[in-house]
There are 2 protein chains.
Amino acid sequence: MSNLSVRELPVLQPEETVAPCCPPLTERPLSAEEAERTAVMFKALGDPVRLRLFSLIASHEGGEACVCDISDVGVSQPTVSHHLKKLREAGLLTSERRATWVYYKVAPEVVAAMSALLDLRH
Amino acid sequence: MSNLSVRELPVLQPEETVAPCCPPLTERPLSAEEAERTAVMFKALGDPVRLRLFSLIASHEGGEACVCDISDVGVSQPTVSHHLKKLREAGLLTSERRATWVYYKVAPEVVAAMSALLDLRH
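Computed from a prediction, not measured in an experiment: that's the story for all the values here. Sequence positions are assigned chain by chain, starting from 1 and proceeding in written order. Each chain gets a letter, beginning with A, and each ligand a number, beginning with 1, in the order they are written. In keeping with the model being predicted, local features are shown solely for residues with a pLDDT of at least 70 and side-chain atom pairs are shown and tallied solely at 80 or more, while totals for entire chains, interfaces and linings include all residues. Water and hydrogen atoms were dropped before computing side-chain values, which therefore reflect all heavy atoms in the structure.

Asker: What am I meant to see in the layout of surface pockets here?
Answerer: One simple way to see leftover space: roll a probe sized like a water molecule over the atoms. Size it by volume and the largest pocket reaches roughly 420 Å³. Within the residue set of the lining of the largest pocket, elements represented by two or more residues are strand S3 (101-106) and helix H5 (108-117) of chain A together with helix H5 (108-117) of chain B. In this classification, Asp, Glu, Lys and Arg are treated as charged, Ala, Val, Leu, Ile, Met, Phe, Trp, Tyr, Cys and Pro as nonpolar, and every other residue, Gly included, as polar. Across the lining of the largest pocket, the residue classes tally to 14 nonpolar, five polar and five charged. Note on definitions: the grid is 1 Å and covers protein atoms alone; a cavity is a set of points where a 1.4 Å probe fits but cannot get out; a pocket is an open set with protein on both sides within 12 Å along at least five of seven lines; lining residues have an atom within 4 Å of a point. Gly46(A), Pro48(A), Glu36(B), Ala39(B), Val40(B), Lys43(B), Ala44(B), Arg50(B), Lys86(B), Glu89(B) and Ala90(B) together form the lining of the second largest pocket. If you list the elements that add at least two residues to the lining of the second largest pocket, you get helix H2 (32-44) and helix H4 (77-89) of chain B. Each helix is a run of H or I in the DSSP string that is no shorter than four residues. Each strand is a run of E no shorter than two, and both are numbered from the N terminus. No other element matches H2(B), which puts five residues into the lining of the second largest pocket. For the lining of the second largest pocket, a count of residues per class yields five nonpolar, one polar and five charged. Grid points are joined across faces, edges and corners, and a volume is the space filled by probe spheres set on the points.

Here's what the structure looks like:
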């Protein structure tokens, strides 16, 4: 048995593992670990259906949407759910269940960090 | 033989086929065609080695580098060349041969458009 009390247990911080880390790419090269962590987010938007779904949610009223709001993307509802899960796992969306539906919302700080990483003007 | 004079020949504009197109993702959903075109660029940065190479070039003196400037990324030089080619095909890098080496440079307008697409503050 461990001697750790509950207070001493490490606090899980899921955002820490998904948020991009780094200054604009012009400032310094990424380390292997930083690149590993950040590539996951770019990969999540590197699929046309996921990118389209992401833009649907980002531009939807209130910046959030459920699968029930999404149609006309040319894929089945289970496929939509699968892609939304991938985007959530990459940290780009957060989700909340309300009654029957799961609502997805853009994670603004993660997307802002990606945008800042690509802002090479300085 | 063609009757076209040199002046009348269409000017090739490779950037036109690779540049992202669109306003910030909060403004409106992407069309299928727009998403298809733009996902290619995110996919290019969705690999840890490619993202790291991209940051190496972006942060290198003068914003450009050749394979000869790149070491310590843990992959062989042919693999580095392969990834740089992928980044160039996606429109994120331009290349120019000078003597023995091909020099790669970040395509600032393409990267700026990706950054703007993810700028959801407005």
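Let us keep going from here.
Asker: Help me understand the interface of chain A and chain B in this model?
Answerer: Where interface size is given, it is often the accessible area lost as the parts come together that is meant. On the side of chain B, 32 residues touch chain A, which itself brings 32 residues to the contact. Of the roughly 2700 Å² buried at the junction of chain A and chain B (both faces included), carbon and sulfur atoms supply 74%. Each reported salt bridge corresponds to a side-chain nitrogen of Lys or Arg within 4 Å of a carboxyl oxygen of Asp or Glu. Seen at the junction of chain A and chain B, the total is zero salt bridges. Think of a polar contact as two N or O atoms within 3.5 Å of one another; within protein, one of them needs to be a possible hydrogen donor and the other a possible acceptor, and neighboring residues in sequence only count if both atoms come from side chains. Our count for the chain A to chain B interface comes out at five residue pairs in polar contact (both at pLDDT 80 or more). Counting only elements with at least two residues in the side of chain A that touches chain B, the list comes to helix H2 (32-44), helix H3 (48-58) and H5 of chain A. Of the residues that constitute the side of chain A that touches chain B, the class distribution is 18 nonpolar, seven polar and seven charged. A contact between two residues is defined here by any heavy atoms of the two lying within 4.5 Å. The quantity reported as buried area is the accessible area (1.4 Å probe) lost by two parts once they are put together, taken as the sum for both.

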